[in-house]
There are 2 protein chains.
Amino acid sequence: MRRIAPDRDQLLAMVAEVFREHGYEGASIALIGAATGLGKGSLYHFFPSGKEEMAGAVIAHIDGWFEENVFVPLQDASEPRVGIERMFEATDRYFRSGRRVCLIGAFALDESRDLFAKAIKSYFTRWVTHLSEALTRAGHSPAKADELAEETVGAIQGALTLARAFDDTAVFSRALQRARAALSAN
Amino acid sequence: MRRIAPDRDQLLAMVAEVFREHGYEGASIALIGAATGLGKGSLYHFFPSGKEEMAGAVIAHIDGWFEENVFVPLQDASEPRVGIERMFEATDRYFRSGRRVCLIGAFALDESRDLFAKAIKSYFTRWVTHLSEALTRAGHSPAKADELAEETVGAIQGALTLARAFDDTAVFSRALQRARAALSAN
DNA sequence: GACTCATTGTACCGATCGGTACAATATCGA
DNA sequence: TCGATATTGTACCGATCGGTACAATGAGTC
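With that out of the way, let us pick up unusual backbone geometry. Residues and elements named next belong to chain B. Positive phi values are uncommon outside glycine, yet Arg 96 reaches one of about 50°. With respect to the helices, strands and loops of the structure, Arg 96 is situated in the loop between helix H5 (80-94) and helix H6 (103-109). For Ser 97, which is not glycine, the phi dihedral falls at a positive 55°. Note on placement: Ser 97 falls in the loop between H5 and H6.

The following block contains the structure:
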């Protein structure tokens, strides 16, 4: 009870990478063990409910990262433009300029969505909502802000797909630049 | 040698649906058999190289559909605006207003991309290229046309992700409308 | 040192994985 | 009708799946 957790963050980050690269079905316990250096004994000790709990924890971990680095900055009431720029910077950093894929977006596509539907919906809803509110504060009408926010988050997700398909990070960078420009225009 | 193939189109369409819903790894031979009503004997008779051949055939089938219904209309030299509108209509029809996911886009995200990288890249490259050329013919500068084409295809892919995440086809419809407007503006 | 309790490796489970072998059955042209 | 070929069902293969059991080890407290 004294020890908080050794490096749960790093552990979850490693597990996340396996789910990102192989998908929920493709990420076998053996692969996760190899990637983390942990045997089944350890993995099932940390995640007694098994694979589904692992994926759930990974989603929650990613969600927490976005909450802290994207959603909170977007809620900065005084300088909405600054918060929006923070979002773009964090997004570019997180997805490594398009080298990395959005695990939550990938889970949304196939049947694994059913297992995590609530978390997936919540993640994207908060992203769009907080961005929309920042845009409203920045001077857009609420309706226009909703439209722009949905368009922006969609553009980011689509750019991740195209960047992977083309194997070209420039696709992602261009999309971020276009989105920045679209949101700055008044 | 006389029989061309009984209903290969329908067969591939059914197999495609399994890959779409479960991903490459998640689509087991048993699931494919259940969805098509064919046993292993038949499946391995039609696709002797197994699962990878099935997925390859499905990708080629989808590619052919887009070639005929999207890329060819986009190449109509006389009326580029008409070709672009055809693209939007076919896209909306194919993805069933966002109820359906893009199998090729989904494959691009995880490790199954490596198996089909060439076909995936070709599919998206042709989509963007043909759209860009149509936009150039419609009066945009080649540079602007490239930008708009990449943005449009990305917006469609992103909208498919969001529509699934939100379980709301309206997200997809709105994205298509925005894209139409963006391409019509001169 | 002794007592906890967290952590780990290993053996094992039934189920399912993708794939093969092959005999039985349709379907066809001659 | 006959022979060739296309199609199918079934039994089976070794490998791997996710998960469980449990004894051995680790580290910290008293």
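Having seen it, we continue.
Right, let's get into the interface of chain B and chain A. If you look at the interface, chain B gives 35 residues, while chain A gives 35 residues. The junction of chain B with chain A conceals about 3,300 Å² of combined surface from both sides, 58% of it contributed by carbon and sulfur atoms. Across the chain B-chain A interface, the total number found is 10 salt bridges. Among the salt bridges present, the one from Glu 147 of chain A reaches Arg 178 of chain B, with a minimum N-O distance of 3.0 Å. The interface formed by chain B and chain A includes 16 residue pairs in polar contact (both at pLDDT 80 or more). The element contributing the most residues to the side of chain B that touches chain A is helix H8 (residues 142-166) of chain B, with 12 residues. When its residues are assigned to classes, the side of chain B that touches chain A shows 12 nonpolar, nine polar and 14 charged.

Attention now goes to the protein's contact with DNA strand C. The environment of DNA strand C is made up of 15 residues, and the closest members are Ser 42 and His 45 of chain A together with Ile 29, Lys 40 and Lys 51 of chain B. Each atom of DNA strand C within 4 Å of the protein was classed as base or backbone; sugar and phosphate made up 62%. Between DNA strand C and the protein, one listed contact pairs a phosphate oxygen with a side-chain N or O atom of Ser 28 of chain B at 3.0 Å. Elements with a minimum of two residues in the surface near DNA strand C: helix H3 (40-46) of chain A together with helix H2 (29-36) and helix H3 (40-46) of chain B. For the surface near DNA strand C, the element with the most residues is H3 of chain A, which contributes four residues. Grouping the amino acids of the surface near DNA strand C by side-chain chemistry returns five nonpolar, six polar and four charged.

Each copy superposes on the other: chain B lies on chain A with an RMSD of 0.0 Å after a rotation of 180° and an axial shift of 0.0 Å. What we have between these two chains is a two-fold relation. Rotation axis and chain B: the residue whose C-alpha lies nearest the axis is Gly 158 of chain B, separated from it by 1.8 Å. Of the interface residues in chain B, 100% have counterparts in chain A that sit at the interface too, so the contact is made through matching surfaces.

For any pair of aromatic rings, geometry is given as the distance between the ring centres together with the angle between the planes. For the structure shown, the criterion picks out 34 aromatic pairs over all chains. Relative to Phe 95 of chain A, the ring of Phe 66 of chain A lies with its centre 6.0 Å away and its plane at 45°, an arrangement referred to as tilted. Taken together, the positions of Phe 66 of chain A in helix H4 (residues 51-74) and Phe 95 of chain A in the loop between helix H5 (80-94) and helix H6 (103-109) put the pair 29 residues apart, joining distant regions of the chain. With relative accessibility at 0%, the residue Phe 95 of chain A sits in the buried group. Both rings, one in Tyr 24 of chain B and one in Phe 107 of chain B, keep their centres 6.0 Å apart while their planes meet at 85°; by these two values the pair is edge-to-face. With Tyr 24 of chain B in helix H1 (residues 8-26) and Phe 107 of chain B in helix H6, the pair connects residues that are 83 residues apart, well separated along the chain. In this pair, the class of Tyr 24 of chain B matches that of Phe 107 of chain B, namely buried. Joined through ring pairs, the aromatic side chains of Trp 65, Phe 66, Phe 71, Tyr 94, Phe 95, Tyr 123, Phe 124, Trp 127 and Phe 172 of chain A make up one cluster. Over the face of the ring belonging to Tyr 94 of chain B we find Arg 100 of chain B, whose NZ or CZ atom lies 4.8 Å from the ring centre.

About the criteria used
Each chain carries its own residue numbering, running from 1 in the written order of its sequence. Throughout, the order in which chains and ligands are written sets their labels, letters from A for the former and numbers from 1 for the latter. Local features in this predicted model are restricted to residues of pLDDT 70 or higher, and side-chain atom pairs are both shown and tallied only at a pLDDT of 80 or more, whereas totals for entire chains, interfaces and linings draw on every residue. Only heavy atoms go into the side-chain values, all of them from the structure, while hydrogens and water stay out. Each helix is a run of DSSP H or I of at least 4 residues and each strand a run of E of at least 2, with the numbering of both proceeding from the N terminus. Note on contacts: a residue pair qualifies if any of its non-hydrogen atoms lie within 4.5 Å across the two residues. We define buried area as the total accessible area lost by two parts upon association, computed with a 1.4 Å probe and summed across both. Salt-bridge detection follows one rule: a side-chain nitrogen of Lys or Arg within 4 Å of a carboxyl oxygen of Asp or Glu. Two N or O atoms form a polar contact when they lie within 3.5 Å of each other; inside protein one atom must be a possible hydrogen donor and the other a possible acceptor, and for residues adjacent in sequence the pair counts only when both atoms belong to side chains. Classes in brief: Ala, Val, Leu, Ile, Met, Phe, Trp, Tyr, Cys and Pro nonpolar; Asp, Glu, Lys and Arg charged; the others, Gly included, polar. Each residue is tested against the molecule or strand, and it is near if at least one of its non-hydrogen atoms lies within 4 Å. Here the copies are matched by least squares. The fit uses the C-alpha atoms of residues with pLDDT of at least 70 in both. Paired rings are identified among Phe, Tyr and Trp, the last through its six-membered ring, by centres lying within 6.5 Å, and are further divided according to the angle between planes into stacked (under 30 degrees), edge-to-face (over 60) and tilted (the rest). Only protein chains enter the accessibility calculation, which uses a 1.4 Å probe; a residue whose area is less than 20% of its type maximum is buried, one above 50% is exposed, and one in between is partly exposed. In this scheme, the term charge over a ring applies when either NZ of a lysine or CZ of an arginine sits within 6 Å of the ring centre and within 35 degrees of the ring normal.

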